[in-house]
Amino acid sequence: MDFSDEKSMIAQRFRGFLPVVIDVETGGFNCQTDAVLEIAATFLRMDDSGQLEPDDTVSYHVEPFEGANLEPAALEFTGIDPHNPLRQAQKEVTVMGELMKRIRQQVKANGCTRAVLVGHNAHFDLGFVLAAIERSNIKRNPFHPFSVMDTASLSGLAYGHTVLARACQLADIDFNNSEAHSAAYDAFKTAELFCQIVNRWQQLGGWRWP
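How each quantity is defined
- Residues numbered from 1 in each chain as written.
- Predicted model: local features only at pLDDT ≥ 70, side-chain atom pairs only at ≥ 80, totals over all residues.
- Heavy atoms only, no water.
- UniProt positions renumbered as here; feature names shortened; annotations may be inferred.
- Helix = DSSP H or I, 4+ residues; strand = E, 2+ residues; numbered from the N terminus.
- Buried < 20%, exposed > 50% of the residue type's maximum accessible area, 1.4 Å probe, protein only.
- Expected span 1.5 Å × (residues − 1).
- Contact = heavy atoms within 4.5 Å.
- Phe/Tyr/Trp six-rings, centres within 6.5 Å; stacked < 30°, edge-to-face > 60°.
- Lys NZ or Arg CZ within 6 Å of the ring centre and 35° of its normal.

Visitor: Lay out the UniProt feature "active site" (unreviewed entry) in the protein with the relevant residues and their values.
Guide: Feature annotation in UniProt assigns "active site" (unreviewed entry) to the following positions: His181. Along the polypeptide, His181 turns up in the loop between helix 6 (164-170) and helix 7 (183-203). Given a relative accessible area of 28%, His181 falls into the partly exposed group.

Below is the structure:
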């Protein structure tokens, strides 16, 4: 196999899917009624030896959609003030349109058929992403509608712990609790954790290049 062909490498490694790490910070737990307040995506690449590593991260502050619910407990947990003008938040339809376009471009550039969401408790993030896509009337959704790669489950298997901060510590990944619950920070740390698990599994012989 030619390891200089990055497109074929990442496409072959994940059966034609492009893993994209997503983190959302929200105004609650209900993806149908509660606001998306931040969303970030960390893209992945493979180096010349076939090791997976984080690449660019894009992140957005999002205006609550009209009629969105904002749970006080959720805002206290994340520390987000959705009405702070310094956030420079954009409308959800604008954010989702731009982000989905960037993801579709990455899927095409890597020779993949569609994206699959990687997240920590990934179905939570997927639910909010799909709801925001529907509200934004986006017809070309790059994500698989139900398959995910969940680092909470993977880190439970690999390190015996499912909390992101603790799993990162056990994996010798720096984690700053004061920066946690920022979508950009959590997405990047989730990406580091995912890459380490994938690469370690390969080193142990659990997956081999065809």
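After that view of the structure, there is still more to cover.
Visitor: Any details on helix 3 (residues 92-109)? Residues and values, ideally.
Guide: Across its 18 residues, helix 3 extends 26 Å between first and last C-alpha, which sits within 8% of the 26 Å expected from 1.5 Å per residue. On the buried face of helix 3, the contacting elements are strand 1 (17-26), strand 2 (36-46), strand 3 (52-61), strand 4 (114-119), helix 4 (122-135) and strand 5 (143-150).

Visitor: How would you explain the packing of aromatic side chains if you had to name every residue and give the values?
Guide: The final tally for this structure, using the stated rule, is 5 aromatic pairs. For the pair Phe124 and Phe128, a centre-to-centre distance of 4.9 Å together with 50° between the ring planes defines the contact as tilted. Here Phe124 pairs with Phe128, and both are found in helix 4, just 4 residues apart, close to one helical turn. Taking the relative accessible area as the measure of exposure, Phe124 reaches 30% and is therefore partly exposed. Residue classification places Phe128 among the buried residues on the basis of a relative accessible area of 1%. The structure contains a cluster of three or more aromatic residues connected by ring pairs, namely Phe29, Phe124 and Phe128. In this structure, Arg13 packs its charged tip against the face of Phe14, placed 5.0 Å from the ring centre. For the cation-ring pair, Arg13 lies above Trp207, with the distance from its terminal atom to the ring centre recorded as 4.3 Å.

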